[in-house]
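Coordinates in review
Here is what each chain is made of, one letter per residue.
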Amino acid sequence: MKINKYPDGTSYVSLDVQGREGNTIFKINSYEDLWHLGQFVEAYNFNLGKPLITIPNLIDAQADKRFKENQSSGLKLVCRFLNNMNANFIIFHPHNAEVVEALMDNVDIIDNSEFINTVLFHHTGLDLDSFEDTILMSSDAGGFKPLMKLCDNIGWKGETYSASKARTEDGMKQLIDRADFEGKDILIVDDISVYGGTFKGLSKLLKERNCGKLYLAVSHMTVQNLGEDPVTNYFDKVFVTNSKFDEYYFENKDSTWETNLSKYPKPTNLEIIKLFNI
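Residues numbered from 1 in each chain as written. Predicted model: local features only at pLDDT ≥ 70, side-chain atom pairs only at ≥ 80, totals over all residues. Heavy atoms only, no water.

With that settled, the discussion passes to the side chain of Lys27. By the element assignment, Lys27 lies in the loop between β3 (23-25) and α1 (31-47). Separated by 2.6 Å, the side chain of Lys27 and the backbone oxygen of Asn242 make a polar contact. With residues near it in sequence (within four places) discarded, Lys27 still touches Asp33, Pro56, Asn242, Ser243, Lys244, Phe245, Asp246 and Ile278. (Helix = DSSP H or I, 4+ residues; strand = E, 2+ residues; numbered from the N terminus. Polar contact = N/O pair within 3.5 Å; in protein donor to acceptor, adjacent residues only side chain to side chain. Contact = heavy atoms within 4.5 Å.)

Turning our attention to the pairing of strand β13 (residues 237-241). One face of the sheet, then the other: side chains in a regular strand alternate in exactly this way. Counted residue by residue, β13 has four buried out of five residues, so it is predominantly covered. Alignment of strand β12 (residues 214-221) against β13, held across four bridges, turns out to be parallel. The residue bridging Val218 from the neighbouring strand is Val240, located in β13. Summarising the sheet, β13 and strand β14 (residues 270-273) pair through four bridges and their orientation is parallel. For Val240, the partnering residue across the bridge sits in β14 and is Ile272. (Buried < 20%, exposed > 50% of the residue type's maximum accessible area, 1.4 Å probe, protein only. Pairing = 2+ DSSP bridges.)

Turning our eyes to something else, we now look at helix α2 (residues 74-83). Taken together, the buried positions of α2 are Gly74, Leu75, Val78, Cys79 and Leu82. What you see down the axis of α2 is that its buried residues fit within an arc of 120°, all on one side. (Arc of directions from axis to C-beta.)

Let's shift gears to the packing of aromatic side chains. For the structure on display, the rule yields eight aromatic pairs. An angle of 45° between the planes, with centres 5.6 Å apart, marks the rings of Phe40 and Tyr44 as tilted. Within this pair, Phe40 and its partner Tyr44 are both found in helix α1, separated by four residues, close to a single helical turn. Look at Tyr44 and you get buried, because its relative accessible area is 4%. With a centroid separation of 5.6 Å and an interplanar angle of 90°, the aromatic rings of Phe245 and Tyr248 are classed as edge-to-face. By relative accessible area, which is 17% here, Phe245 ends up buried. Accessibility expressed as a relative area gives 2% for Tyr248, which makes it buried. (Phe/Tyr/Trp six-rings, centres within 6.5 Å; stacked < 30°, edge-to-face > 60°.)

Such coordinate-based values are descriptive only and should not be taken to indicate function.
In structure tokens:
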């Protein structure tokens, strides 16, 4: 695919009609990318028929409800746009798969089973017979049901646990109703991290409760610059897929701004599981 842009910002897409048919991986990291996807599908329809497209990270996935009457519903608009295309889609681990499936007729969902299975058995060194030494944890009660489904899919026989949240006079507060984790390693599993505030707070609580090593596995990190206090500072290791970016970094205060990522330090304990090769 070639994106051709005019001086006024408009564009069109041209395809190599000799290109192969099959599953096309299309990363959507902006609304402009979403528009280019629509152009790609229209051109593909004319030349090659109906495409099958994998979307590693669904934009606006967290905007799955209208929070106020005068606010737009982002996920509804994105899904409507995709559903009107003459294409079939595969979407990796959206924030609310049930809503996406309800809004689209032309979609199949891939969950995080392959990702977490890879993390557990190839990167943390967990022995298949040592389930008793590790706990899988959700960051809140809403994530516990998906975690249990994940455990069934990967055949996890070990312990699972969930943190929770409560609304107080000072705002939302994280809770863990267990005083001692008996030195067991904990892997927190979730779908999305922006700057990781929830996970930072949870790691602080867990370190007060006699846990072993702390790991975090999130399917999507939606911001490439992890900030001056990256979530990687709070865990022994953080795992993510390349659904958004192939590399992540955090800006050094003493550095001059450069667009080249090599100018910035990369977190040494962040491992990117590359499920999507383009």
